[in-house]
Every structure is written in structure tokens, then in C-alpha cells.
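One-letter residues, chain by chain:
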Amino acid sequence: GVGEWGKIKANLLPKWEALQLRVKASRLIGSQSLARYPHQKFTKAEVEAENAKNKMLGEMTGCWKAGVLVEDDNGSVALALKDLEQ
């Protein structure tokens, strides 16, 4: 799952570094921060849906940078997520 880079490296991708795994996961999910996804495991369809949601939020808030959702100093992403959940 997300954040279990050591286990993923040891069991699946021994030649990869933990940082490489984190960056690849971040790009796939479309979010610079993976803090919202602790230990979460995704199917391919769930990854694609989460990426689409993050892209929509990023474009809506102006926080879509280089293919990932990036929080700004105003907390725009957190506010948009809160609104989306209501």
C-alpha cells in the first residue's frame, strides 16, 4: 500500500529505491502529497479515478503543476477537498 515503500521494494522491486517508488506513486495518483492515502491499496481503475479527481481539483484551484496536484500556501486544495466531500 501507499507508504509501504520498504515492503514494496523488498518484495516486488528490489532494484528500485524507496524515493523512486514514492515519486512514481505520486505521479500515478496525481498528487504531490500522499498523506491522504496511508497504507491504501488501489486497483488500476481506482488509481485512474483518483488521478482524474486530483486533476479536476488541481485545474479548478490552479494547483495542477507538472501533472500532479500541489497544495498552495492558501490551503486551496484542502478547502476544495472539504467542499467535494460535503
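Here, the structure is the one placed above.
These lines cover the structure that appears in this document, whether it is placed above or below. (Residues numbered from 1 in each chain as written. Predicted model: local features only at pLDDT ≥ 70, side-chain atom pairs only at ≥ 80, totals over all residues. Heavy atoms only, no water.)

Things to note about the environment of Arg36
This is how it is decided: Numbering goes from the N terminus for both helices and strands, where a helix is a DSSP run of H or I of at least four residues and a strand is a run of E of at least two. When checking whether two residues touch, look at their non-hydrogen atoms; a contact exists if any pair is within 4.5 Å. Counting of polar contacts relies on pairs of N or O atoms within 3.5 Å, with two restrictions inside protein: one atom must be capable of donating a hydrogen and the other of accepting it, and residues adjacent in sequence are counted only when both atoms are side-chain atoms.
On the secondary structure map, Arg36 appears in the loop between helix 2 (18-29) and helix 3 (44-61). The spatial distance from the C-alpha of Arg36 to the C-alpha of Ala52 is 16 Å, given a sequence separation of 16 residues. Here Arg36 is in contact with Ser31, Glu50, Asn54, Leu69, Val77 and Leu81, once residues within four sequence places are set aside. Only 2.8 Å separates the side chain of Arg36 from the side chain of Tyr37, close enough to count as a polar contact. Within the local environment of Arg36, its side chain forms a polar contact with the side chain of Asn54, the two groups lying 3.0 Å apart.

As for unusual backbone geometry
For clarity, the threshold we go by: Relative accessibility under 20% of the residue-type maximum defines a buried residue, over 50% an exposed one, and the middle range a partly exposed one, all with a 1.4 Å probe and only protein chains included.
Here His39, not a glycine, exhibits a phi torsion of approximately 60 degrees, which is positive. Among the structural elements, His39 can be located in the loop between helix 2 and helix 3. Positive phi is not limited to glycine here, since Ala66 has a value of about 50 degrees. Topologically, Ala66 is positioned in the loop between strand 1 (64-65) and strand 2 (68-69). Residue Ala66 is classed as exposed on the basis of its relative accessible area of 66%.

Structural notes on the packing of helix 3 against helix 4 (residues 76-85)
Definition in use: Helix axes use the C-alpha atoms of the stretch in contact, all axes being lines fitted to C-alpha atoms, and the angles between their N-to-C directions lie in the range 0 to 180 degrees. Orientation is classified from the angle alone, with under 35 degrees giving roughly parallel, over 145 giving roughly antiparallel, 65 to 115 giving roughly perpendicular, and any other angle giving oblique. Left-handed is the label given to a crossing in which the near helix is rotated counterclockwise from the far helix by less than a right angle, and right-handed is the label when the rotation is clockwise. Ten residue types, Ala, Val, Leu, Ile, Met, Phe, Trp, Tyr, Cys and Pro, are classed as nonpolar, four, Asp, Glu, Lys and Arg, as charged, and the remainder, Gly among them, as polar.
The geometry of helix 3 relative to helix 4 is characterised by a closest axis approach of 10 Å and an angle of 120 degrees between their N-to-C directions. Accordingly, the angle class assigned to the pair helix 3 and helix 4 is oblique. Judged by the sense of rotation from one axis to the other, the crossing of helix 3 with helix 4 is right-handed. Residue-level contacts link Lys53, Met56, Leu57, Met60 and Thr61 of helix 3 to Ser76, Val77, Ala80, Leu81 and Leu84 of helix 4. Class assignment of the residues belonging to the contact of helix 3 with helix 4 gives a composition of seven nonpolar, two polar and one charged.

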